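Each chain, written out:
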Amino acid sequence: MSTWAKPFTLDVPDADLELLKKKLELVRFPDELQNADWQYGVPLADIKRLTAHWRDSFDWRKTEAEINKLPQFTTDIEVDGFGTLNVHYVHQKSSVQNAVPLLFVHGWPGHFLEVRKLLPLLTAATPDNPSFHVVAPSLPGFGFSEAPSKPGFAGYQYAELLHKVMLFLGYEEYVYQGGDLGHVLGVYLANAYGHKHLKAWHSNMPFYRTPSLLSNPLLFLELLTLPFNKVLSEQLSAATHFRKKGMGYFQVQATTPQTLGYSLADSPVGLLAWIYEKLYKAVHNYPWTDDEVIEWISIYWFSRPGPAANVRIYYELTGGNAHDMFEGTQWTSVPLGVSFFPGEPVRLPKSWAHMIGKVVFQSEHNAGGHFAAFEQPEKLASDLRTMFGREGPAYNVVTGKDGYA
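Small disclaimer: the values here were computed from a predicted structure and weren't measured.

Any chance you could explain the layout of surface pockets here in plain terms?
The probe, sized like a water molecule, is rolled over the atoms to show the empty space still left. The calculated volume of the second largest pocket comes to roughly 320 Å³. Considering the residues around the second largest pocket, the lining is formed by 19 residues, among which Pro13, Asp16, Trp301, Phe302 and Ser303 are closest to the centre. Ranked by residues supplied to the lining of the second largest pocket, first place goes to helix H1 (residues 14–25) with four residues. Of the residues that constitute the lining of the second largest pocket, the class distribution is 11 nonpolar, four polar and four charged.

How should the sheet that holds strand E4 (residues 100–105) be read in this particular structure?
Sheets are built from strands that pair by backbone hydrogen bonding, the pairs being arranged parallel or antiparallel. Judged by pairing direction, the sheet is mixed, and its nine strands sit side by side in the order E1-E2-E3-E5-E4-E6-E7-E8-E9 without closing on themselves. Where the open sheet ends on each side, the last strands, each with one partner, are strand E1 (6–7) and strand E9 (357–364). Here strand E7 (residues 198–203) pairs with strand E8 (residues 332–340) via three bridges, running parallel. The partner of serine 203 across the bridge, within E8, is valine 338. Running over the sheet, helix H6 (residues 181–193) touches E4, strand E6 (174–178), E7 and E8 and is turned about 160 degrees from E7. Most of the contacts of helix H15 (residues 377–388) go to E7, to which it runs at about 145 degrees, and overall it touches E4, strand E5 (132–137), E6, E7, E8 and E9.

In this structure, what is going on with the packing of aromatic side chains? I would like to understand it.
Inspection of the entire model under this criterion finds 27 aromatic pairs. An angle of 50 degrees between the planes, with centres 6.1 Å apart, marks the rings of tyrosine 276 and tyrosine 280 as tilted. With tyrosine 276 and tyrosine 280 both in helix H11 (residues 268–282) and four residues apart, this pair spans about one turn of that helix. One aromatic cluster in this structure is built from Tyr286, Trp288, Trp296, Phe371 and Phe374. The ring of phenylalanine 374 is capped by lysine 117, whose NZ or CZ atom sits 3.8 Å from the centre of that ring. When the ring centre of phenylalanine 82 is taken as reference, the NZ or CZ atom of lysine 150 above it lies at 5.4 Å.

Got a minute to help me understand the pattern of salt bridges in this structure?
Note that side chains of opposite charge can pair when their charged atoms are close. The full count for this structure, using the stated rule, is 14 salt bridges. Ionic pairing is found between aspartate 56 and arginine 55, a salt bridge with its closest N-O pair at 2.9 Å. The class of arginine 55 is partly exposed, set by a relative accessible area of 26%. With its nearest N and O atoms 3.5 Å apart, the salt bridge here joins lysine 350 to glutamate 364. Pair noted here: lysine 350 is in the loop between E8 and E9 and glutamate 364 is in strand E9, with a separation of 14 residues, a long-range link. The exposure class of glutamate 364 is exposed, given its relative accessible area of 57%.

Cut-off values and rules
Residues numbered from 1 in each chain as written. Predicted model: local features only at pLDDT ≥ 70, side-chain atom pairs only at ≥ 80, totals over all residues. Heavy atoms only, no water. 1 Å grid on protein atoms, 1.4 Å probe; cavity = no way out; pocket = protein on both sides within 12 Å on 5 of 7 lines; lining within 4 Å. Points joined across faces, edges and corners; volume = space filled by probe spheres on them. Helix = DSSP H or I, 4+ residues; strand = E, 2+ residues; numbered from the N terminus. Nonpolar A, V, L, I, M, F, W, Y, C, P; charged D, E, K, R; others polar. Pairing = 2+ DSSP bridges. Contact = heavy atoms within 4.5 Å. Axes fitted to C-alpha atoms, helices over the stretch in contact; angles between N-to-C directions. Phe/Tyr/Trp six-rings, centres within 6.5 Å; stacked < 30°, edge-to-face > 60°. Lys NZ or Arg CZ within 6 Å of the ring centre and 35° of its normal. Salt bridge = Lys/Arg side-chain N within 4 Å of Asp/Glu carboxyl O. Buried < 20%, exposed > 50% of the residue type's maximum accessible area, 1.4 Å probe, protein only.

Here it is as structure tokens:
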């Protein structure tokens, strides 16, 4: 394992900015059916507006300077069978000596900046709430981390890398927060390093497998009440709708990511449309500004391995869509907290969260969607403070670090 950490400063070469501008100037837009709105995908008017903003108004250097205010570093992490990967991460320490080490992991189409609004909330030193040392890596293939160069870098490899980042930083014991693929990788971490190292974790998108008669008989039998259970029926109806209408991207990225990659790597407008659709649909009444959208897309466009590498994670986690994303995992007794946000597209019966692990904390909010840390940072931070606070079910789970001064 590496013994060094190099401070990281984002500095996109002028040549890359010039190439981007040329590509945006040469864009060829598709046609669009009359009154199509969102029925066929992202409306043409939206993409034309955002493209013009990216080309003519967006100030990358100003954005870059803001990003560089975050304490960013890189280090080399060796993953068994895959050699060494250079990993980018944010490491914001609290002034509280006994702060709880927290590993925050993004998903797709997210990135490390999802943690930005949480940092001042979670690292604050107050007598009433626990404080955290926050570590937020860019997953391999995302942002400014190196991408794996060999096939097969899947759930347990990501877990190994994330765990070794925490060990490298001196955190033998830690807690975890994740949504989307961050949730998926949390399941792998709990299976591989639960109790000894990962002491408790929190998810804002708690999902797992569909219950079966053998694995979860009570939850399976609950499905038999579907015709008479209005709440269960509504929850499963929402999940079915998303599976039918919202998961086309999943099928493509889990089966032919390389084919998709040519378009993402070559066309900034193609990348914009592919990701913006998810940003727009997955939030809960969040008022995206054009600057926020273009900053988000720019992290993908200027990413170290290029805009195509990140989508391969779906292929690797599912074996090319041959199985679900949780292959080789099972229920664990690691304390788990879950938060439910009304705009989360992946909505399943709340009782199914108990198939993941030992649920010790649960909250439900009236606002917020898929990107909870970005949309509702105060609510997510409050849940973490409650779960790990003095009166919470996961208080003092990390030896000698209860989060209080």
